Amino acid sequence: MPDACINLTEAARSVQTFRINAFTATKDMGPWYTASRVWPVGGLDWQVEFQPNKRLPGGYLSRDDDWIKFCVTLISDASQVAGSFTCFLVDQSTTPRHSSQSSRRSWSNAKSPCRRVRAAARSDLQKHLGELLRSQTATDITFLVAGESFPAHRCVLAARSPVFMAGLFGDMKENASPTVLIDDMDAQAFKAMLCYIYTDTLPDELEEEQATLMAQHLLDAADRYGMERLKALCVDKVCQGISAETVATTLALADQHGCSRLKDRYMEFILSTPASLCAVAATEGYKHLEASCPYVLTDLLKLAAAQGRK
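Residues numbered from 1 in each chain as written. Predicted model: local features only at pLDDT ≥ 70, side-chain atom pairs only at ≥ 80, totals over all residues. Heavy atoms only, no water.

Looking at this structure, I do not really get the pattern of salt bridges. What am I missing?
When their charged atoms lie close together, side chains carrying opposite charge are able to pair. Tallied over the entire structure, the rule returns eight salt bridges. The residue Lys231 makes a salt bridge to Asp223 at a minimum N-O spacing of 3.0 Å. Looking at Asp223, the relative accessible area reads 27%, which means it is partly exposed. (Salt bridge = Lys/Arg side-chain N within 4 Å of Asp/Glu carboxyl O. Buried < 20%, exposed > 50% of the residue type's maximum accessible area, 1.4 Å probe, protein only.)

Help me understand the environment of Val15, please; the structure alone is not making it clear to me.
Within the secondary structure, Val15 is located in the segment before strand S1 (34-35). Among the residues examined, Val15 registers a relative accessible area of 64% and is labelled exposed. Separated by 71 residues in sequence, Val15 and Thr86 have C-alpha atoms that sit 9.5 Å apart. (Helix = DSSP H or I, 4+ residues; strand = E, 2+ residues; numbered from the N terminus.)

I would appreciate a short explanation of the side chain of Lys263 in the present structure.
In this structure, Lys263 sits in helix H8 (residues 260-270). With relative accessibility at 14%, the residue Lys263 sits in the buried group. Setting aside anything within four residues of it in sequence, one finds Lys263 in contact with Leu251, Ala254, Asp255, Val296 and Asp299. (Contact = heavy atoms within 4.5 Å.)

Sorry if this is basic, but what is going on with the side chain of Thr283 here?
By the secondary structure assignment, Thr283 is in the loop between helix H9 (274-281) and helix H10 (284-292). Apart from the residues within four sequence positions on either side, Thr283 is in contact with Ala244, Glu245 and Ala248.

Could you clarify how one ought to interpret helix H3 (residues 162-169) in this entry?
All of the buried residues in H3 are Phe164, Gly167 and Leu168. Buried residues in H3, looked at end-on, bunch into an arc of 85 degrees, giving them a common side. Turning to H3, the residues buried within the fold contact strand S10 (141-145), helix H2 (154-160) and helix H4 (187-199). At the N-terminal boundary of H3, the capping side chain belongs to Ser161, with an oxygen 3.2 Å from the backbone nitrogen of Val163. (Arc of directions from axis to C-beta. Polar contact = N/O pair within 3.5 Å; in protein donor to acceptor, adjacent residues only side chain to side chain.)

Would you mind going over unusual backbone geometry with me for this structure?
Trans peptide bonds make up most of the peptide bonds, and negative phi angles are found at most residues other than glycine. One non-glycine residue, Gln136, lies in the positive phi region at around 60 degrees. Turning to its location among the elements, Gln136 is positioned in the loop between helix H1 (125-135) and S10. For Gln136, a relative accessible area of 41% translates into the label partly exposed. One non-glycine residue, Ala138, lies in positive phi territory at about 60 degrees. Residue classification places Ala138 among the exposed residues on the basis of a relative accessible area of 65%.

Here is the structure:
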């Protein structure tokens, strides 16, 4: 048996998520691919490569331009490994749209035969609406937020938010006014909300160091304007940035906006270790929580008691 051969007595299985940022833009790319991080399965290292539709010489897309391609690569040294893989294309709502099931294959320090998955029809509506917002073409209303102005389109806002629908086309005073003053809101959060309204995506700011703080502000804006999907996306983002410094203030935010999942996640973090509880109690945010939402601390004590009885 060669030295590099590995004998597995049981099958190994792994499920990996390969996130493709700006997926809708890949239809305009050339013949390139991007690779995932390397991950171990069965004592061997593997990698996934993604390639969008192939651009032919002269800049034309092939007739299969609604297909994308995935390849699984064996990184480790091994004489031969048998296995199979399935790939799913999942949209932003985490719903599987299309899949491809491979038969049993063999790897030997090389890529597997590539699997192709038909991409859902990729609309350019987000691209065009995003450009409409950026160009400010035919805007008919301007919002003044924390000293900054944001031109927008009444019909787009009303279509995306029941609060904007009532405010801009109902009997409220904003109905006829070309300028609306927004109080008590962060300007960058309002800008991020507009980005979501027009493109159905979170802005790039949520990928930076201040992602959690921005998501908290945007969560407040989403709740204020009745956009439940945006609210859920912000909750997911805030859950990813959990830390002792932000727990108390986020608990108050979760309680204020009725985010039970966010509230439960942060209370679990506080009670995870004695050190976590001490670290949170030492923050200024905890003092604010005690003063503004004392009943949240009651819920925390009840959870701690329930955990102690287990």
